[in-house]
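Overview (structure and organization)
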Amino acid sequence: LQASLPQRNISTAGRFAYGYDSRYFIEFNFGYNGTERFAKNNRFGFFPSLGAGWMVSNEDFMAGMKDVISTLKLKATYGKVGNDQIGSQYDRFFYLSQINMSGTGYWFGKDLNYKSGITIGRYANDLITWEIATKTNLGFELGLFDDLTLLGDYFVETRSNILQTRVDIPTSMGLRVAPQANVGVAQGRGFELELKYQKNFNNDFWTVVNGNFTYASSKYKKFEEPDYSDVPWRSRVGLKINQPMGYIAERLFIDEEDVNNSPRQFFGPYLAGDIKYKDINKDGEITADDAVPIGFPTVPEIIYGSGFSLGYKAFDLSLFFQGSARSSFFIDSGALTPFTNKGQRGLLKYIADDHWSETDRNINSFWPRLSEYQIANNNVPSTHWLRDGVFVRLKTAEFGYTLPENLTKKFRVNMLRFYVSGSNLWLWSKFKMWDVEMAGNGLGYPIQR
């Protein structure tokens with residue numbers, strides 16, 4: 001019903017820019033925005049930004065260096081941005097309560113007549129307001145010899161007022177549903193570098209080289225969570241966003257005696273050949289309190305690419321490489337388990353070649369014991385299934401030949417070029433089971449080559 005109502009927002013924006021003598025630049029922007037989603041006292045937000053630039057290469061003292069430093073610019077920006085698209089699609093008007101008059105009811109009388117009850121989906125909350133991102137950027141542009149250009153940026157973004165569901169509400173308050181509040185804070189920082197080189201050496205030989213490198217990492221600064229003072233490794237505060245949490249897999253159980261003499265694991269029935277986990281808090285049980293941060297974030301912190309094009313007379317060649325680093329993923333063991341789906345799922349060769357069995361009790365096998373059903377104990381996130389997502393890929397390659405103009409003009413053709421091209425021709429990765437960019441599910445549709 002809410003989605004069918006017309007949406008109403010209002011905004012006013014302004015911009016002031018000034019440049020002096022092609023050397024000094026300043027720009028001021030602002031937005032004053034109002035949204036229907038919040039109560040009147042928190043409906044409007046003012047979001048300014050300020051930027052400045054200095055073209056150092058245009059200063060008089062740089063005149064003697066023009067042949068070397070063709071361009072040098074320093075720049076800095078600072079500003080705030082507001083976001084009202086928070087919560088789910090059903091949280092359109094936070095200041096209004098959500099009550100279902102035909103909710104969960106009760107049976108009444110000796111004839112057990114059912115009467116509908118009232119269900120509270122959300123309490124009215126006039127305190128929820130804009131999520132705010134405060135951004136700072138420092139950068140430079142450097143041009144050398146009119147051939148080489150280098151761009152660099154360092155950035156920091158702090159996002160505050162992140163909407164989260166409260167977890168520290170005592171049950172004695174009698175609330176039917178936990179309220180939400182703008183309590184979360186996260187921060188990201190990183191840098192970007194871009195390089196471009198372009199030069200014509202003579203009429204027969206030319207080249208263009210491009211490269212880019214980005215590092216970005218973000219972490220939680222404030223996060224709504226239970227009191228984890230007894231198990232501090234479970235706290236998200238200070239951890240990187242998208243940080244995997246899981247269990248330390250020590251090995252596979254050797255036999256039933258090994259199972260009986262190890263801490264009890266609470267993930268379902270398990271036998272010899274199943275995964276054995278480490279008891280982090282030394283309480284003799286493997287529970288949620290034994291999950292710890294493992295691996296890199298699931299989103300790469302490093303993204304890079306590099307390529308070149310060159311031409312010699314009528315021939316030309318172009319290559320482009322791309323890659324990422326500092327990322328992890330879990331193999332989806334549930335999606336790979338053989339013999340399930342009424343026995344129709346096949347057996348991967350990797351599993352057939354390397355699994356625990358009564359005749360080969362290899363405690364470091366890739367796959368635990370085989371079964372005709374899912375084994376919950378073996379499907380929880382753990383270091384047993386964690387893999388490094390680093391890779392370098394030859395993304396595109398092309399080789400071409402252009403026929404001489406004096407030949408094509410005889411056939412009234414301005415230009416005729418023959419070429420062969422390919423994509424995803426080569427991949428380097430520590431992970432060998434399938435294409436690493438498919439992440440955890442090797443049964444998905446493969447990346448085409």
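A brief look at the structure comes next. (Residues numbered from 1 in each chain as written. Predicted model: local features only at pLDDT ≥ 70, side-chain atom pairs only at ≥ 80, totals over all residues. Heavy atoms only, no water.)

What follows covers the overall build of the protein chain. Assigned secondary structure in the protein chain consists of 5 helices and 22 strands. In terms of overall dimensions, the protein chain is more spread out than a globule: its C-alpha atoms have a radius of gyration of 30 Å, far above the 22 Å expected for 449 residues. Projecting the C-alpha coordinates of the protein chain onto the three principal axes gives extents of approximately 95 × 70 × 50 Å. Sequence-distant contacts, at least 24 apart, represent 62% of the contacts inside the protein chain between residues at least 6 apart. Counting every atom, the protein chain has about 27,100 Å² of accessible surface; 56% of that belongs to carbon and sulfur. Where the 49 positive side-chain charges of the protein chain centre and where its 48 negative ones centre are 6 Å apart. (Helix = DSSP H or I, 4+ residues; strand = E, 2+ residues; numbered from the N terminus. Rg over C-alpha atoms; globule rule 2.2 N^0.38 Å. Contact = heavy atoms within 4.5 Å. Areas by Shrake-Rupley, 256 points an atom, 1.4 Å probe, with all protein chains shown as cover. Lys, Arg positive; Asp, Glu negative; His and termini not counted. Charge placed at Lys NZ, Arg CZ, Asp CG, Glu CD.)

Reading across from one edge, S1-S2-S3-S4-S7-S8-S9-S10-S17-S18-S21-S22 is the order of the 12 strands in this open sheet, with antiparallel pairing throughout. Looking at strand neighbours, the two that pair on one side only are strand S1 (9-20) and strand S22 (417-429), the edges of this open sheet. Direction aside, the axes of adjacent strands within the sheet are offset by 10° on average. Where strand S9 (residues 180-200) meets strand S10 (residues 205-222), 16 bridges bridge the pair, whose relative direction is antiparallel. Bridged to Gln198 within S10 is Val208. (Pairing = 2+ DSSP bridges. Axes fitted to C-alpha atoms, helices over the stretch in contact; angles between N-to-C directions.)

This part takes up the environment of Met65. Tracing the backbone shows Met65 in the loop between strand S3 (44-55) and strand S4 (69-83). Separated by 79 residues in sequence, Met65 and Leu144 have C-alpha atoms that sit 10.0 Å apart.

Another point: the pattern of salt bridges. Evaluation of the coordinates by the stated rule reveals 24 salt bridges. Here Lys349 and Asp353 are joined by a salt bridge, their closest N and O atoms 2.6 Å apart. Taken together, the residues Lys349 and Asp353, both in helix H4 (residues 349-353) and 4 residues apart, mark about one turn of the helix. With respect to class, Lys349 is no different from Asp353; both count as exposed. (Salt bridge = Lys/Arg side-chain N within 4 Å of Asp/Glu carboxyl O. Buried < 20%, exposed > 50% of the residue type's maximum accessible area, 1.4 Å probe, protein only.)

Let us look at the packing of aromatic side chains. Under the defined criterion, the tally for this structure stands at 24 aromatic pairs. Look at Phe366 and Trp385: their rings are 5.8 Å apart centre to centre, the planes differ by 90°, and that puts the pair in the edge-to-face class. Placement of Phe366 in the loop between H4 and strand S20 (386-388) and of Trp385 in the loop between H4 and S20 is noted, with a sequence separation of 19 residues between them. For the pair shown, Phe366 and Trp385 are each scored as buried. Residues Phe431 and Trp434 carry aromatic rings whose centres are separated by 5.3 Å and whose planes lie at 75° to one another, so their mutual orientation is edge-to-face. Each member of the aromatic cluster is reached from another via a ring pair, and the members are Phe38, Phe47, Phe94 and Trp130. A cation over a ring is seen here: Arg43 above Tyr95, with NZ or CZ 5.5 Å from the ring centre. For Lys73, the ring lying beneath its charged end belongs to Phe25, and the centroid distance is 5.4 Å. (Phe/Tyr/Trp six-rings, centres within 6.5 Å; stacked < 30°, edge-to-face > 60°. Lys NZ or Arg CZ within 6 Å of the ring centre and 35° of its normal.)

Honestly, it's all geometry; don't read function into it.
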